[in-house]
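# Structure assessment
So the chains spell out like this:
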Amino acid sequence: MRRKLVAGNWKMHGLRSQLSEVEAVAQAAAAHPEVDVALCVPFTLIAAAVDRAGALPIGAQDVHENERGAHTGCVSAEMLHEAGATLVIVGHSERRADQNETSHDAWAKAAAARRAGLQVILCCGETEAEHNAGRAERIVQSQIEKSLPDGASPEWLTVAYEPRWAIGTGRTPSLDQIESIHAILRAKLRMMVGDAAEGIRILYGGSVTGDNAEAILAVDNVDGALVGGASLTAQKFVPIIEAAARASAAKG
Ligand code: PEP
């Protein structure tokens with residue numbers, strides 16, 4: 001059975017004064033060992049967050065595809081690893097939109113992260129226009145085709161379905177829509193990596209809160225959540241961890 005993973009994405013939020021939130025999340029995670037929990041913080045907070053996180057994995061939100069070189073302002077996977085990060089998000093829709101990142105970029109970043117021993121959360125998801133045009137299925141299949149790194153396996157890879165129009169908007173797809181896209185992603189993974197696909201977690205992301213998490217996490221093939229806004233405080237994030245624990249118990 002795939003263990004649920006609840007991963008927070010702080011985006012460009014967080015100063016050292018907010019590190020008490022990391023400690024509070026770490027405590028809640030320790031109280032729910034049946035659920036995997038992680039927090040992806042800004043680069044500047046990784047080392048300090050690791051110091052306060054105990055067993056809670058701390059991750060980054062981006063990585064450069066090269067190991068080193070003349071890439072001003074960028075951070076390599078080895079640097080993240082040295083700072084104490086154990087995972088990294090790649091292909092997030094905000095980076096696709098703001099930095100023009102492509103699925104090929106996500107593929108190269110995922111491969112670099114893997115080489116440095118990091119876990120990877122690989123994001124995919126359609127825009128609102130694509131959603132309205134009925135193209136969501138085709139878009140996520142194509143993104144996974146182009147970005148799934150070689151040797152993808154559950155030991156280090158997680159996929160996240162994040163419809164762009166649901167991120168930070170308070171809107172979510174219906175549970176049926178989530179189920180349908182996750183089933184399509186599972187089928188696509190099977191085609192690409194065979195049996196290993198059964199173990200690869202597929203997270204849902206986009207306006208997950210303590211109020212909607214339990215229903216979303218009960219959907220078939222939803223193996224956890226990638227959470228932005230509601231991960232910034234333990235008060236909002238811990239109920240999602242608790243919902244994941246209930247969903248895990250319900251699935252036996
Ligand atoms: C995200 O940043 O990946 C995300 C899902 O954001 P939010 O939960 O705020 O919609």
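Quantities reported herein were computed from a predicted structural model and do not represent experimental measurements. (Residues numbered from 1 in each chain as written. Predicted model: local features only at pLDDT ≥ 70, side-chain atom pairs only at ≥ 80, totals over all residues. Heavy atoms only, no water.)

## Examining unusual backbone geometry
Backbone geometry follows two general trends: most residues other than glycine have a negative phi, and most peptide bonds adopt the trans configuration. Phi angles above zero are rare outside glycine, and N100 is one such case at about 55°. If you trace the backbone, N100 turns up in the loop between α4 (93-98) and α5 (103-115). Classification of N100 by relative accessible area gives exposed; the value is 62%. Residue N221 is not a glycine yet carries a positive backbone phi of 70°. (Helix = DSSP H or I, 4+ residues; strand = E, 2+ residues; numbered from the N terminus. Buried < 20%, exposed > 50% of the residue type's maximum accessible area, 1.4 Å probe, protein only.)

## Side note on the packing of α5 against helix α7 (residues 136-147)
Axis separation between α5 and α7 bottoms out at 7 Å; the angle between their running directions is 40°. Regarding the angle of α5 to α7, the classification is oblique. Where α5 crosses over α7, the two elements pack in a sense that is right-handed. Between α5, through S103, H104, A106 and W107, and α7, the contact on the second element is made entirely by Q143, K146 and S147. When the residues that make up the contact of α5 with α7 are grouped by side-chain class, the tally is two nonpolar, four polar and one charged. (Axes fitted to C-alpha atoms, helices over the stretch in contact; angles between N-to-C directions. Parallel < 35°, antiparallel > 145°, perpendicular 65-115°, else oblique. Left-handed = near helix turned anticlockwise from the far one by under 90°. Contact = heavy atoms within 4.5 Å. Nonpolar A, V, L, I, M, F, W, Y, C, P; charged D, E, K, R; others polar.)

## So, the pairing of strand β6 (residues 157-161)
The element β6 is largely enclosed, with a buried count of five among its five residues. Burial along β6 is two-sided: the residues L157, V159 and Y161 and T158 and A160 are all buried. In this sheet, β6 lies alongside strand β5 (residues 119-124) in parallel orientation, the contact comprising five bridges. In the sheet register, L122 faces β6, and the bridge partner there is V159. The sheet contact formed by β6 and strand β7 (residues 201-205) spans four bridges and is parallel. By the bridge assignment for β7, V159 is matched with I202. For the handedness criterion, the β-α-β arrangement of β6, helix α8 (residues 175-193) and β7 is classed as right-handed. (Pairing = 2+ DSSP bridges. Right-handed = clockwise from strand over helix to strand, strands pointing away.)

## Quick word on the side chain of S248
Turning to its location among the elements, S248 is positioned in helix α10 (residues 234-251). In this structure the side chain of S248 is engaged in a polar contact, spanning 2.8 Å, whose partner is the backbone oxygen of A244. Non-local contacts of S248, meaning those with residues more than four positions away in its chain, are made with M1, K4, E34 and V35. (Polar contact = N/O pair within 3.5 Å; in protein donor to acceptor, adjacent residues only side chain to side chain.)

## A look at the site of the ligand
Around the ligand, a shell composed of 14 residues is seen, among which K11, E162, G168, S207 and G228 lie nearest. Here an oxygen atom of the ligand and a backbone polar atom of G228 are 2.8 Å apart. G229 is positioned with one of its backbone polar atoms (N or O) 2.8 Å from an oxygen atom of the ligand. In the complex, 96% of the free accessible area of the ligand, which totals 290 Å², lies under the protein chains. (Near = heavy atom within 4 Å. Areas by Shrake-Rupley, 256 points an atom, 1.4 Å probe, with all protein chains shown as cover.)

## Some details on the packing of helix α1 (residues 19-31) against α10
What describes two packed helices is the angle between their axes and the distance between those same axes. Closest axis-to-axis distance for the α1/α10 pair is 10 Å, and the angle between their directions is 20°. Judged on the interaxial angle alone, α10 and α1 are roughly parallel. The handedness of the crossing between α1 and α10 is right-handed. Note on element contacts: α10 touches α1 through A234, F237, V238 and I241, opposite E21, A24, V25 and A28. Of the residues belonging to the contact of α1 with α10, the class tally is seven nonpolar, no polar and one charged.

## Some thoughts on the sheet that holds strand β1 (residues 5-9)
Strand order around the closed barrel formed by eight strands is β1-β2-β3-β4-β5-β6-β7-β8, with parallel pairing between neighbours. The average undirected angle you get between the axes of adjacent strands in this sheet is 25°. Strand direction decides the pairing type here: strand β3 (residues 58-60) and strand β4 (residues 87-90), joined by two bridges, are parallel. What sits directly across from A60, in β4, is V88.

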